[in-house]
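Coordinate inspection notes
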Amino acid sequence: MSKLVTIYGGSGFVGRYIARHLAQMGWRVRVAVRRPNEAIFVRPYGVVGQVEPVLCNIRDDDSVARAMQGADAVVNCVGILNETGKNGFDAIQADGAGRVARIAAQQGIARMVHLSAIGADAGSDSDYSRSKAAGETAVSEHMPGAVILRPSVIFGAEDQFFNRFAGMTRMGPFLPIAAGETRFQPVYVDDVARAAVKAVTGDVAPGVYELGGPEVKTMRDLMAQMLDVISRRRVLVNMPFWLARIMAFGLDMVQAVSLGLIGNGVLTRDQLCNLRRDNVVAEGARGFSDLGISPVAMGSVLPDYLWRFRPAGQYDALQKSAGNLRS
């Protein structure tokens, strides 16, 4: 019988890529999510019955244990960028990660992969970064043989980074950004998934791996590259931190007053804390080279999914070519 892997958050941005790769390798995949009816799209990743979404609340022991029953390996991809209701950073990224690891140890699971983030730091001013560090500590305590992956900002067709900013270019001639000089090392989502798959199959040594792409660029440079890809001219406005802080506070208050009905999907005060620090692979850290993976550059991927933000969409190049013929 083929092996079984439970992927917590397996229908999310990174989780779905891991699920697809493992299904193609013949694994049975159990996708543990809060809303299985919204994760039906993962079923075609394999043959009938090979990939199944199941109900799971990572805040509940029994729920986590049921989803893990009989698995040979577990992957935790659950994470949030903004706190809403009971889904706070500590509850999801610290306690939740620890819960998965503790129950995996109790059930005798052989391998665990945990998705963290570059910048995880117990001494950080950011609740997000502190909770990521606490999650790593809990995972290492219960599953010392686990593989912990720390990616930089992740890009891909479903990302919330380039897609978000590209969408903002439709609103006017200016594109406001915060922390324009902060450095990032964007990594392709499929490269992160391949690293996780290698860990699941036991092809890499336990420990922490920091994952960054082949390019290190400032926020301003990333936005300039995006604008070039979508063929739009916009004035990049680098907001000073004091102004960005006022904006983030206002957006956070709207979310609080609306009791979460209006989420802050633009910029939170906690995200602003993270933007003060570079998001790049630390010197001497283990990374893609230790995993035998050559990461993909942004230039070979961004045009494949950002084309829809061009003035003429998929016909942009054709329109330009026709214009050249007329001239």
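In short, a report on the structure. (Residues numbered from 1 in each chain as written. Predicted model: local features only at pLDDT ≥ 70, side-chain atom pairs only at ≥ 80, totals over all residues. Heavy atoms only, no water.)

1. Some thoughts on the overall build of the chain
Put simply, the rule reads: Secondary structure elements follow DSSP: runs of H or I of four or more residues count as helices, runs of E of two or more count as strands, with numbering from the N terminus. Each radius of gyration is computed over the set of C-alpha atoms, and the globule rule expresses the reference value as 2.2 Å times the number of residues to the power 0.38. When a residue's accessible area, from a 1.4 Å probe over protein chains only, is under 20% of the maximum for its type it is buried; when over 50% it is exposed; and in between it is partly exposed. Throughout, a residue-residue contact means that at least one pair of heavy atoms, one from each residue, lies within 4.5 Å. Each accessible area is a Shrake-Rupley estimate made with a 1.4 Å probe; only the visible protein chains count as cover when residues are assessed. When charges are counted, Lys and Arg contribute as positive and Asp and Glu as negative, whereas His and the chain ends are disregarded. Charge positions are represented by NZ for Lys, CZ for Arg, CG for Asp and CD for Glu.
A count of helical and extended segments in the chain gives 12 helices and 13 strands. A compact globule built from 327 residues would reach a C-alpha radius of gyration of about 20 Å, and the chain, at 20 Å, matches this within 12%. Overall, the chain is about 65 × 45 × 40 Å in size when its C-alpha atoms are taken along their principal axes. Considering the chain as a whole, with its 327 residues, one finds that 51% of them fall into the buried category. In the chain, the proportion of contacts linking residues at least 24 apart, taken out of those at least 6 apart, comes to 75%. Per element, the accessible surface of the chain, about 15400 Å² overall, is 53% carbon and sulfur. Taking the 36 positively charged and 31 negatively charged side chains of the chain as two groups, their mean positions are separated by 6 Å.

2. A look at the nonpolar core
Defined as follows: In this description, a nonpolar core means a group of buried Ala, Val, Leu, Ile, Met, Phe, Trp, Tyr and Cys residues linked to one another through side-chain atoms lying within 4.5 Å.
Core analysis: the biggest nonpolar cluster contains 73 residues, and I18, V29, F162, M223, M226 and L306 have the highest contact counts within it. For this core, the element with the highest residue contribution is helix α6 (residues 189-200), accounting for eight residues. If near-sequence neighbours (up to four positions away) are discounted, I18 is found in contact with I7, V75, C77, A193, A196 and V197. In terms of nonpolar packing, the next biggest core, distinct from the first, is built from 27 residues, I58, V74, I92 and A146 among them.

3. Some thoughts on unusual backbone geometry
Positive phi outside glycine occurs at A179, with the angle close to 55°. The backbone of L259 shows a phi angle near 60°, a positive value even though the residue is not glycine. In this structure, L259 sits in the loop between α8 (241-257) and α9 (269-274). The class of L259 is exposed, set by a relative accessible area of 77%.

4. A look at the pattern of salt bridges
So the rule is basically this: Salt bridge, as used here, is a side-chain nitrogen of Lys or Arg placed within 4 Å of a carboxyl oxygen of Asp or Glu.
Scanning all chains against the criterion turns up 10 salt bridges. One salt bridge in this structure joins D121 and R277, with 3.2 Å as the shortest N-O distance. Remark: R277 occurs in the loop between α9 and α10 (288-291) and D121 occurs in the loop between β5 (111-115) and α4 (127-142); sequence separation between them is 156 residues. Among the residues examined, D121 registers a relative accessible area of 27% and is labelled partly exposed.

5. Observations concerning the side chain of R30
Formally: Polar contacts, as used here, are pairs of N or O atoms within 3.5 Å; protein pairs need one atom able to donate a hydrogen and one able to accept it. Residues neighboring in sequence count only if both atoms are side-chain atoms.
With respect to the element layout, R30 can be found in strand β2 (residues 28-33). Look at R30: it is buried, it has no salt bridge, and the nearest opposite charge is E52 at 8.9 Å. Only 2.8 Å separates the side chain of R30 from the backbone oxygen of Q69, close enough to count as a polar contact. Beyond its immediate stretch of four places on either side in the chain, R30 contacts L4, V5, T6, I7, E52, V54, R66, A67, M68 and Q69.

6. Concerning the packing of aromatic side chains
Under the convention used in this document: Stacked, edge-to-face and tilted labels apply to pairs of Phe, Tyr and Trp rings (six-membered ring for Trp) whose centres lie within 6.5 Å, assigned for plane angles under 30 degrees, over 60, and everything in between, in that order. Any Lys NZ or Arg CZ found within 6 Å of a ring centre and within 35 degrees of that ring's normal is scored as a charge over the ring.
For the coordinates displayed, the defined rule picks out seven aromatic pairs. Taking the centre distance of 5.8 Å and the plane angle of 85° together, the rings of F89 and Y128 count as edge-to-face. Highlighted residues: F89 in helix α3 (residues 89-106) and Y128 in helix α4, separated in sequence by 39 residues. Comparing F89 with Y128, the two get one shared label, buried. Sitting above the plane of the Y45 ring, R20 keeps its charged end 4.5 Å from the centroid. Here R276 stacks its cationic end above the ring of F241, 4.1 Å away from the centre of that ring.

7. Notes on the packing of α3 against α4
What counts here: All axes are obtained by fitting lines to C-alpha atoms, using only the stretch in contact for helices, and the reported angles, taken between N-to-C directions, cover 0 to 180 degrees. Under this scheme an angle from 65 to 115 degrees is roughly perpendicular, one under 35 degrees roughly parallel, and one over 145 degrees roughly antiparallel; angles in between are oblique. Side-chain classes are defined by residue name, with Ala, Val, Leu, Ile, Met, Phe, Trp, Tyr, Cys and Pro counting as nonpolar, Asp, Glu, Lys and Arg as charged, and the others, Gly among them, as polar.
Where α3 contacts α4, the axes come no closer than 8 Å and their chain directions differ by 10°. Considering their axes alone, α3 and α4 lie roughly parallel with respect to each other. Contacts between α3 and α4 involve F89, D90, Q93, A94, A97, G98, A101, R102 and A105 from the former and D127, Y128, S131, K132, A134, G135, A138, V139 and H142 from the latter. Among the residues forming the contact of α3 with α4, the class breakdown is nine nonpolar, five polar and four charged.

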